[in-house]
Amino acid sequence: MGLWKLVRGVRQLELHRLILVLIVFCLLSMAFLAYFVSNSPKIKEAPPMPFSDCGGRTVKAVDNSRTEPVVLVFVESIYSQLGQEIVAILESSRFRYHTEIAPSKGDMPTLMERDIARYALVIYENILKYVNLDAWNRDLLDKYCAEFGVGIIGFFKANENSLLSAQLKGFPLFLHSNLGLRDYHINPAAPLLYITKPNEVEQGPLPGDDWTVFQSNHSTYEPVLLALTKSSEALAHLGPHRALHATVVQDLGLHDGIQRVLFGNNISFWLHKLIFVDAIAYLTGKRLCLSLERHLLVDVDDIFVGKEGTRMKVTDVKALLSTQNKLQTLVPNFTFNLGFSGKFYHAGTEEEDEGDDMLLQHRHEFWWFPHMWSHMQPHLFHNVSVLAEQMRLNMQFAQEHGIPTDMGYAVAPHHSGVYPVHSQLYEAWKSVWGITVTSTEEYPHLRPARHRRGFIHRGIKVKHCHFTVKLDNLIQKNMKESVRFCQEIKIILIHLILIDTALLQLDQKYSNINPCHDKRHKDIWSKEKTCDRLPKFLVIGPQKTGTSALHSFLTLHPAITSNFPSPVTFEEIQFFNGPNYHDGIDWYMDFFPFPSNVSTDFMFEKSANYFDTEVVPKRAAALLPRAKILALLINPVDRAYSWYQHQRAHQDPVAINHTFHEVVTAGPSASKELLTLQNRSLKPGTYATHLEHWLVHYQARQLHIVDGTLLRSNPALVMDGIQQFLGVTPIFNYTQALVFDEGKGFWCQRLEGGRPKCLGKSKGRKYPEMAPETRAFLTEYYREHNLELLRLLNLLGQALPTWLREELQSTSWS
Ligand code: A3P
């Protein structure tokens, strides 16, 4: 009815009215369309300009911030230079990344994990690999980028085979290659500028004659860096040669909804590094971004130190002061930090002694830190009080000469004793100088610098320092240029911006490595310490699988020695899994005796929660890369029940107030405490997952799976297998050494006269059988995990434990 009425009404309208209605309708739909397009998720909103700080995040069209941002880098090969430089910058910035060899035709790596976008940014070392992707993969990647607001950075590095001029396939963008350029300009209108200061010009020719410039009439392309062609090489179609041409362009996403930054060269030119870092920040909505605030300390070591003829004279001190003044015009309040060894004051030529005096006259214009009285390396002092005495002499010198002593900062000559940690140094520093901060180049290794980290030991923050330079190199062109081209930030050298991101974020998780595996470390490691005071193998657990029984059987062997008991954690040291790790290698080694014979003594430690603590394999492998690893496995269903009973015996109120069935079947809405108990009962039993973590850091041949059920029923047999795996001699006769105790129901040590010595009451407890329905529930729960374990053990060529074979044979598995 309504429709007919409408038709009749329209017929009655005069023609001009109809036209008017049509015009209004068109205008309305255009307005609607404009509104829709401007709010479309395809196009990111304009970035806030200028960026204030990296702390705040730009809200993205589609927020995928639930995940840690990861960069997907398509490299040409694992050896390609540009690819390595890209990765180096990502590593220096502590950005997470994943590299893939760019597929020419093949498949894209998986971009989604469940419904979450895996990558926040895509980088192509060679942009042609992107534009030449086959239609299906290209569509897949573009849809992903458009939907999740993921940007693309690409490089086009011309070579002798590159066409001089060509269109970038599928884009309204033309490339002109193999050009020589000069006078680099930064376009102030480029939205991505962040670290890079707008409006600057780098005068003079750019290195190389293989530059590519981009040309387009499309409004989506905003030049970022522009240069002139070297006059003789202007190309006719590029217009007059005085025109500026874009070598780096920013695609604002107006063409196809994807934002990109394209470089017409590689990243070698220093300004490209800056723009690259800015592009990452911009395209990830500042999720991958470094704050502009940097703290830079320039230490000048060895003040007063050195043979006659090599020391600072008055002219050098003047140069130091004038350098400082110059730097202050660029970095407000810049002050050199001078490290002094008082013993050598006035020990130079007359001219040099005047230099010493001048330094002291100007002492209030500098900062000062103690460097050691006699410039001896601290690791050479084994005795803390002798070391402290040396420090006191330097302190006395400072007090007598009016040098401030309250910096709380010190540097050891050659960074000795800082890492590898020589605890005596830390102790003396704290007691004499109240040191809270020091630095090292050594942690974890000297090179490459970007891998260095800081850490905290005994409350002293150890920052990593980056490089050492000679003073006269300090005010190089590079440095002045970098300051001029960067925003007002408290930093000087460009490569510090790129590598020095973690100065303030000390890595609490520093890794202890064996000082004897690295010559540089060994050179600054106390001669009185041996690297052999470390275990040859670890019993890693998991808990409740019979680890104490295994530990006690192992210690019966004449060539096997366990650690001394820990006053904190009793029989277990628990070094790699928790706060003890920060006490360092000295602390760990003190648990082991000096081996009487390095080649035949087998020292070990057992800490049962190493097995399922994710950080442990990495840390253990860093210190004990050649160690053998023993893991004990019983049916995870029984392990979970044993853990629950253990908690009940320890009066855990949650275990006491809930049946085992309630614990393991509790849903996500259960109390936090109940879920914690559930997690601790169930999680260690997902054996394959944990073993895989170990296998990332240890080779399969270093790992031995011990059948915990067999250890309980036939320990002598199991111990023979372990002896064989360890290669320990002499072969010990466990059949004679062990005896089955009927009362206890377990195998025990046979003492002289045949009497048994069994483990305490807490091992082999008496408790009721598990309810059948709980067993059925857990069997189902672990089904997939056990199948995974089966696959893994087959892959490793390890024998299947009896309980796993039995589970496999049970009907529910068929
Ligand atoms: P239950 O007390 O639940 O029976 P862990 O030492 O890793 O904490 O493991 C304890 C478990 O070791 C005990 O769990 C017990 O079943 C098992 N076990 C195996 N051999 C043993 C032995 N010879 N003596 C005592 N307990 C042993």
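What you see is a predicted model, and the numbers here were worked out from it, not measured in a lab.

**Side note on the overall build of the protein**
Piece 1. In terms of regular secondary structure, the protein is built from 26 helices and 28 strands.
Piece 2. For the protein, restricting intrachain contacts to residue pairs at least 6 apart in sequence, the fraction spanning at least 24 positions comes to 75%.
Piece 3. For the protein, the accessible area works out to roughly 38,600 Å², and carbon and sulfur atoms hold 56% of it.

**Concerning the sheet that holds strand β23 (residues 602-606)**
Backbone hydrogen bonds are what pair the strands of a sheet, in a parallel or an antiparallel way.
Piece 1. If you trace the five strands from one edge of the open sheet to the other, you get β22-β23-β21-β24-β25, paired in parallel fashion. Edge positions in the sheet fall to β22 (560-562) and β25 (703-707), since each of these pairs with one other strand and no more. Neighbour to neighbour, the strand axes of the sheet diverge by 25 degrees on average, direction disregarded.

**Details of the packing of aromatic side chains**
The way to describe two aromatic rings as a pair is by their centre distance and the angle between their planes.
Piece 1. Applying the stated criterion across every chain, the model contains 41 aromatic pairs.
Piece 2. Seen in terms of ring centroids, phenylalanine 269 and tryptophan 270 are 6.2 Å apart; in terms of plane orientation they differ by 40 degrees. Their pairing is tilted. Summarising the burial analysis for this pair, phenylalanine 269 and tryptophan 270 share the class buried.
Piece 3. The interplanar angle of 75 degrees and the centroid separation of 5.4 Å between the aromatic rings of phenylalanine 304 and tyrosine 345 together place this pair among those described as edge-to-face.

**What to know about the packing of helix α16 (residues 615-623) against helix α21 (residues 687-697)**
Piece 1. Where α16 meets α21, the closest approach of the two axes is 8 Å, and the angle between their N-to-C directions is 25 degrees. Relative to α21, the element α16 lies roughly parallel. When you trace α16 past α21, the crossing you get is right-handed. Counting all contacts with α16, which are made through Val616, Pro617, Lys618, Ala620 and Ala621, the residues of α21 involved are His693, Trp694 and His697.

**Remarks on the state of the cysteines**
Piece 1. Counted according to the given criterion, the structure contains two disulfides.
Piece 2. Disulfide pairing places cysteine 516 opposite cysteine 531 at an S-S distance of 1.7 Å. On the sign convention where negative is left-handed, the bridge of cysteine 516 and cysteine 531, at about 65 degrees about the S-S bond, is right-handed. Of this pair, cysteine 516 sits in the loop between α12 (494-499) and α13 (519-523) while cysteine 531 is found in the loop between α13 and β21 (537-541), placing the two residues 15 residues apart along the sequence.
Piece 3. The buried category is assigned to cysteine 531, whose relative accessible area is 9%.
Piece 4. For cysteine 748, the disulfide goes to cysteine 758, at an S-S distance of 2.0 Å.

**Some thoughts on the pairing of strand β5 (residues 121-124)**
Piece 1. Side chains Leu121 and Ile123 of β5 all project onto a buried face; the interleaved residues Val122 and Tyr124 project onto the opposite face, where all are buried too.
Piece 2. Bridging between strand β1 (residues 70-75) and β5 involves four bridges; their strand directions are parallel. What sits directly across from valine 73, in β5, is isoleucine 123.
Piece 3. In the sheet, β5 pairs with strand β6 (residues 151-155) via four bridges, with the strands oriented parallel. Following the sheet pairing, isoleucine 123 is matched in β6 by isoleucine 153.

**So, the site of the ligand**
Piece 1. Near the ligand there are 17 residues, and of these Thr547, Ser548, Ser642, Lys763 and Tyr767 occur at the shortest range.
Piece 2. Take serine 642: an N or O atom from its side chain is 2.6 Å from an oxygen atom of the ligand.
Piece 3. In this structure, lysine 763 approaches the ligand through a side-chain N or O atom, which is 2.8 Å from an oxygen atom.
Piece 4. In isolation the ligand offers 570 Å² of accessible surface; the protein chains occlude 95% of this area.
Piece 5. Judged by the fraction of its atoms near the pocket grid, the ligand is located in the second largest pocket.
Piece 6. Mapped by element, the contributors of at least two residues to the shell around the ligand are α14 (547-555) and β27 (746-750).
Piece 7. Taken together, the residues that form the shell around the ligand break down as six nonpolar, seven polar and four charged.

**Some details on the side chain of aspartate 612**
Piece 1. Take aspartate 612: it is sitting in the loop between β23 and α16.
Piece 2. One buried charged side chain, aspartate 612, makes no salt bridge at all; its nearest oppositely charged neighbour is lysine 683, positioned 4.3 Å away.
Piece 3. Once residues within four sequence positions are removed from consideration, aspartate 612 is found in contact with Pro542, Lys683, Pro684 and His690.

**Focus: the pairing of strand β9 (residues 181-186)**
Piece 1. By the bridge criterion, four bridges tie β9 to strand β12 (residues 221-229) in an arrangement that is antiparallel. Opposite histidine 185, over in β12, you have leucine 226 as the bridge partner.
Piece 2. One ladder, built from three bridges, connects β9 with strand β10 (residues 201-205); its direction is antiparallel. Looking at β10, one finds that tyrosine 184 is bridged to glutamate 202.

**Quick look at the sheet that holds strand β19 (residues 455-457)**
Piece 1. Pairing within the open sheet is mixed, and its three strands lie in the order β18-β20-β19. Among the strands making up the open sheet, the edge pair consists of β18 (437-440) and β19. Neighbour-to-neighbour, the strand axes of this sheet turn through a mean angle of 30 degrees, independent of strand direction.
Piece 2. Pairing analysis gives four bridges linking β18 to strand β20 (residues 460-464), with the strands arranged parallel. Bridge pairing in β20 links serine 439 to lysine 463.
Piece 3. Together, β18, β19 and β20 form the strand contacts of helix α10 (residues 423-433), whose direction differs from that of β20 by roughly 115 degrees.

**Here's the deal with the environment of histidine 375**
Piece 1. Here histidine 375 shows up in the loop between β17 (367-370) and α9 (384-400).
Piece 2. What makes histidine 375 buried here is its relative accessible area of 18%.
Piece 3. Note: C-alpha distance between histidine 375 and phenylalanine 344 (31 residues apart in sequence) is 9.0 Å.
Piece 4. Once you skip the residues sitting within four places of it in the chain, histidine 375 turns out to touch Asp302, Val305, Ser341, Phe344 and Pro413.
Piece 5. Only 3.4 Å separates the side chain of histidine 375 from the side chain of histidine 371, close enough to count as a polar contact.

**Let's talk about the layout of surface pockets**
Piece 1. Roughly 1,400 Å³ of volume is contained in the second largest pocket.
Piece 2. For the second largest pocket, the lining is made up of 50 residues, of which Lys544, Gly546, Ser642, Arg712 and Gly764 are closest to its centre.
Piece 3. Of the residues forming the lining of the second largest pocket, the biggest block, six residues, is contributed by α14.
Piece 4. Tallied by class, the residues present in the lining of the second largest pocket amount to 18 nonpolar, 17 polar and 15 charged.

Calculation notes
Per chain, residue numbering runs from 1 following the sequence as it is written. Only residues with pLDDT of at least 70 are given local features in this predicted model, and only at 80 or more are side-chain atom pairs given and counted; all residues enter the totals for whole chains, interfaces and linings. Only hydrogens and water are set aside; all other atoms, that is, all heavy atoms of the structure, feed into the side-chain values. Helix and strand definitions follow DSSP, with helices as H or I runs of at least four residues and strands as E runs of at least two, each counted in order from the N terminus. Working rule for contacts: check all heavy atoms of both residues, and any pair within 4.5 Å makes them a contact. Under the convention used here, a 1.4 Å probe and the Shrake-Rupley method define accessible areas, while residue burial counts only the protein chains that appear. For two strands to count as paired, DSSP must find a minimum of two bridges between them. Angles here are taken between N-to-C directions and fall from 0 to 180 degrees, while the axes themselves are lines fitted to C-alpha atoms, restricted in helices to the stretch in contact. Planes of paired rings set the category: under 30 degrees apart is stacked, over 60 is edge-to-face and the rest tilted, where pairs are Phe, Tyr or Trp rings (Trp by its six-membered ring) whose centres lie within 6.5 Å. Residue exposure (1.4 Å probe, protein chains only): buried if accessible area is under 20% of the type maximum, exposed if over 50%, otherwise partly exposed. Roughly parallel covers angles under 35 degrees, roughly antiparallel covers those over 145, roughly perpendicular covers 65 to 115, and oblique covers all other angles. When the near helix sits turned anticlockwise from the far one by under a right angle, the crossing is termed left-handed; a clockwise turn instead gives a right-handed crossing. Sulfur atoms of two cysteines make up a disulfide when they are within 2.5 Å. Nearness is defined per residue: one heavy atom within 4 Å of the molecule or strand is enough. Pairing of N or O atoms within 3.5 Å defines a polar contact, subject to two protein rules: one partner must be a possible hydrogen donor and the other a possible acceptor, and residues neighboring in sequence count only if both atoms are side-chain atoms. In the cavity and pocket records, a cavity denotes points on a 1 Å grid over the protein atoms alone where a 1.4 Å probe fits but cannot get out, a pocket denotes an open set with protein on both sides within 12 Å along at least 5 of 7 lines, and lining residues are residues with an atom within 4 Å of a point. Throughout, a molecule is located in a cavity or pocket provided that more than half of its atoms lie within 2 Å of its grid points. For this scheme, ten residues count as nonpolar: Ala, Val, Leu, Ile, Met, Phe, Trp, Tyr, Cys and Pro. Four count as charged, namely Asp, Glu, Lys and Arg, and the remainder, Gly too, count as polar. Working convention for charge: Lys and Arg count positive, Asp and Glu count negative, and His plus the chain ends are omitted. Salt bridges are identified by distance alone: a Lys or Arg side-chain nitrogen within 4 Å of an Asp or Glu carboxyl oxygen. Grid points are joined across faces, edges and corners, and a volume is the space filled by probe spheres set on the points.

Keep in mind that these numbers describe shape and distance, not what the molecule does.
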